[in-house]
Amino acid sequence: GGNRSVLVGLIEVMYQDSSTQMAELGAALRAGDARRVQSAAHTLKGMVGFFGARAASAAALRLEQAGELGELAGASRWYEALAG
């Protein structure tokens, strides 16, 4: 509806929550915990998708899929792309 203050509030919440989720995702990758990778990536995918960030959404989707399949080898490249 064009309400700038609402948009600013959403961006602030997304920034805070994405930092938490990125930390969780990094910890899950280091621990090799596919379920946690899937969960954190899924959350991040929704967050960045809301703002239309296609490249970030694609990286989060790849991480989510890797977690679902339990195949975390090479997943760090998608984490780096998402963090980038």
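These remarks concern the structure in this document. (Residues numbered from 1 in each chain as written. Predicted model: local features only at pLDDT ≥ 70, side-chain atom pairs only at ≥ 80, totals over all residues. Heavy atoms only, no water.)

### Some words on the environment of M47
- Following the sequence through the fold, M47 ends up in helix α2 (residues 34–50).
- Taking the relative accessible area as the measure of exposure, M47 reaches 14% and is therefore buried.
- Separated by 43 residues in the primary sequence, M47 and R4 have C-alpha atoms spaced 19 Å apart.
- Excluding its chain neighbours within four sequence positions, the residues that come into contact with M47 are M14, D17, S18 and Q21. (Helix = DSSP H or I, 4+ residues; strand = E, 2+ residues; numbered from the N terminus. Buried < 20%, exposed > 50% of the residue type's maximum accessible area, 1.4 Å probe, protein only. Contact = heavy atoms within 4.5 Å.)

### As for the pattern of salt bridges
- Summed over the entire model, instances satisfying the criterion amount to 3 salt bridges.
- D33 is paired through a salt bridge with R36; the nearest N and O atoms lie 3.9 Å apart.
- Within this structure, E24, D33 and R36 form a network of salt bridges that share partners. (Salt bridge = Lys/Arg side-chain N within 4 Å of Asp/Glu carboxyl O.)

### A closer look at the nonpolar core
- With 21 residues, the main nonpolar core has L25, L29, L63 and L82 as its most contacted residues.
- Only α1 (4–31), α2, α3 (54–69) and α4 (76–83) provide two or more residues apiece to this core.
- Beyond its immediate stretch of four places on either side in the chain, L29 contacts V37, L63, L72, A75 and Y79. (Core = buried A, V, L, I, M, F, W, Y, C linked by side-chain atoms within 4.5 Å.)

### So, α3
- Look at α3: 22 Å from first C-alpha to last across 16 residues, which is about the 22 Å you get at 1.5 Å a residue.
- Restricting attention to buried positions, one finds in α3 the residues A56, A59, A60, L63, E64, A66 and G67. For α3, the angular spread of buried residues about the axis comes to 160°, placing them on one side. Exposed and oriented more than 90 degrees from the buried face of α3 are R54, A55, E68 and L69.
- Residues of α3 that are buried in the fold lie against α1, α2 and α4.
- Note on α3: the residue one or two positions beyond its end, G70, has a positive phi of about 70°. (Expected span 1.5 Å × (residues − 1). Arc of directions from axis to C-beta.)

### Details of α1
- Between its first and last C-alpha atoms α1 spans 40 Å; for 28 residues at 1.5 Å apiece the expected length is 40 Å, and the two agree.
- M14, S18, Q21, M22, L25, G26, A28 and L29 are the residues of α1 that are buried.
- Buried residues in α1 make contact with α2, α3 and α4.

### Describing the environment of A23
- Tracing the chain through its elements places A23 in helix α1.
- Sequence separation of A23 and A73 is 50 residues, and the distance between their C-alpha atoms is 19 Å.

### Regarding the packing of aromatic side chains
- The final tally for this structure, using the stated rule, is 1 aromatic pair.
- Relative to F51, the ring of F50 has its centre 5.1 Å away and its plane inclined at 85°; by these criteria the two rings are edge-to-face.
- Classification of F50 by relative accessible area gives exposed; the value is 57%.
- Using a relative accessible area of 34% as the deciding quantity, one classes F51 as partly exposed. (Phe/Tyr/Trp six-rings, centres within 6.5 Å; stacked < 30°, edge-to-face > 60°.)

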